Amino acid sequence: MRAPSEPSPPSAEEARALVEQRAAALGFAAVGVARADVALEPEFARYEAALAAGLHGPLAYLAENVEARRRLDGADILVGARSVIVATVRYDQRDEYDGAPVPALAQGIARYARGRDYHNRIRKALRKLATFVRTLGDGVEARPMIDTAPVLERAWAARAGVGFLGKNGLIITPGQGSYALLGEVVTTLEITPDTPIEERCGQCTRCLDACPTRAFARPFVLDAGRCISTWTIEVAAASPEPLREAVSGRLFGCDVCQEVCPHNAKERPAGRFADTFAPHERWRRLELRDLARLGLADGPRWEELAEGTPLFRAGPAGLARNACLALGRAGDAGALPLLREIAREHPSDVVRDAASWAVARLSR
Ligand code: SF4
């Protein structure tokens, strides 16, 4: 029982205001709340239909734990969950720093991945938010999540009103755009939910038209089997031949569907996390050729090259593959001797294949 002198817990509305304040103080750019106990039935049905149509492509993990993605109050997430707090972290949109352009190597890297590995930094901020939420009532449980559980993250973000789902499949926050990462705190605390925001794409189709691989099956629906991020980050295999030319233009991920979006037209400050996302100084001293040599007997050490950056996810062979394709695309005939050596001697058949493709392209 509560002692007479103890303050009573905040109401659901007060809890919302307190969470908003704390999230802003921690550097989150936007925050919203959805009810956790209303399952994502329509969103889940669309997700299942996309899986049935094979739009997950080679990303088999998207088809795993399918039921867990529907709800948040399963034992695998948080028993008794009432609210999902969704918070965004803006990343850097700039093409110049202190009057100098982004290093050439980093220009081939998606903006969210040009700096340091952001997971720990965001996880720490989400943990602090979760710790704060636990103080808002007796026995309140709160679990922070960033890339840690199979949830329909963008669907929750849309329900929490932090933005609307654009035709490019990304969450767009009005006045802030889409250059942001999402994190969640799932909690047993009752918090007044936000209202979803109306979609504001209108007649625009710029992202669908600009995509280098025509990866959108239709508005709002991405075919992961055609997405450049899939073939430069997520899978170890060689990209399909019909996509190879377009994929070769990127080293790690792709931003085209964000670059053309009018909601991102205005460059905005990156905020509290700017130093995490600013291009890593490593990308100033390295060249594509250094990355292409990964895995050769006298090549650079993988840990020194990629550790502490998001590029670690692609693995050494994945990054060497991407770099070989990019060298072929760059049209630098001076890279031919190196590419021929890689095509002969690299231990990975995927990298040898990429180097052979680049040699053929440069020899045309
Ligand atoms: Fe929507 Fe146009 Fe932005 Fe695509 S580019 S997400 S259609 S506003």
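See the structure printed just above.
Note that the coordinates shown come from a computational prediction; the quantities given were computed from them, not determined experimentally.

### A closer look at the packing of aromatic side chains
Counting across every chain of the model gives seven aromatic pairs. Residues tyrosine 91 and tyrosine 112 carry aromatic rings whose centres are separated by 6.2 Å and whose planes lie at 65 degrees to one another, so their mutual orientation is edge-to-face. Here tyrosine 91, found in the loop between strand E2 (83–90) and strand E3 (96–97), pairs with tyrosine 112, found in the loop between helix H4 (104–107) and helix H5 (119–134); they are 21 residues apart in sequence, far enough to count as distant. Judged by relative accessible area, tyrosine 91 falls into the buried class, the value being 4%. Considering the side-chain rings of tryptophan 302 and phenylalanine 312, the 5.3 Å spacing of their centres and the 25 degrees angle between planes classify their relative orientation as stacked. Linking tryptophan 302 in helix H14 (residues 302–306) with phenylalanine 312 in the loop between H14 and helix H15 (315–330), this pair joins segments that are 10 residues apart in sequence. On the accessibility criterion, tryptophan 302 (11% relative accessible area) is buried. Since its relative accessible area comes to 36%, phenylalanine 312 is described here as partly exposed.

### Regarding the nonpolar core
A general trend in soluble globular proteins is that nonpolar side chains are found buried together. Counting 69 residues, the largest nonpolar core has Phe28, Ile85, Tyr112, Ile122, Phe252, Leu319 and Leu339 as the members making the most contacts within it. The dominant element in this core, judged by the number of residues it contributes, is helix H17 (residues 349–362), at seven residues. Both domains that meet at this core, namely domain 1 (12–37 + 72–187) and domain 2 (213–253 + 286–362), each give it at least three residues. With residues near it in sequence (within four places) discarded, phenylalanine 28 still touches Ala23, Ala87, Thr88, Val89, Ala125, Leu126, Leu129 and Phe273. Residues Leu40, Tyr47, Leu78 and Val151 belong to the second largest nonpolar core, which totals 23 residues.

Criteria and cut-off values
Residues numbered from 1 in each chain as written. Predicted model: local features only at pLDDT ≥ 70, side-chain atom pairs only at ≥ 80, totals over all residues. Heavy atoms only, no water. Phe/Tyr/Trp six-rings, centres within 6.5 Å; stacked < 30°, edge-to-face > 60°. Helix = DSSP H or I, 4+ residues; strand = E, 2+ residues; numbered from the N terminus. Buried < 20%, exposed > 50% of the residue type's maximum accessible area, 1.4 Å probe, protein only. Core = buried A, V, L, I, M, F, W, Y, C linked by side-chain atoms within 4.5 Å. Domains from an automatic or database assignment. Contact = heavy atoms within 4.5 Å.

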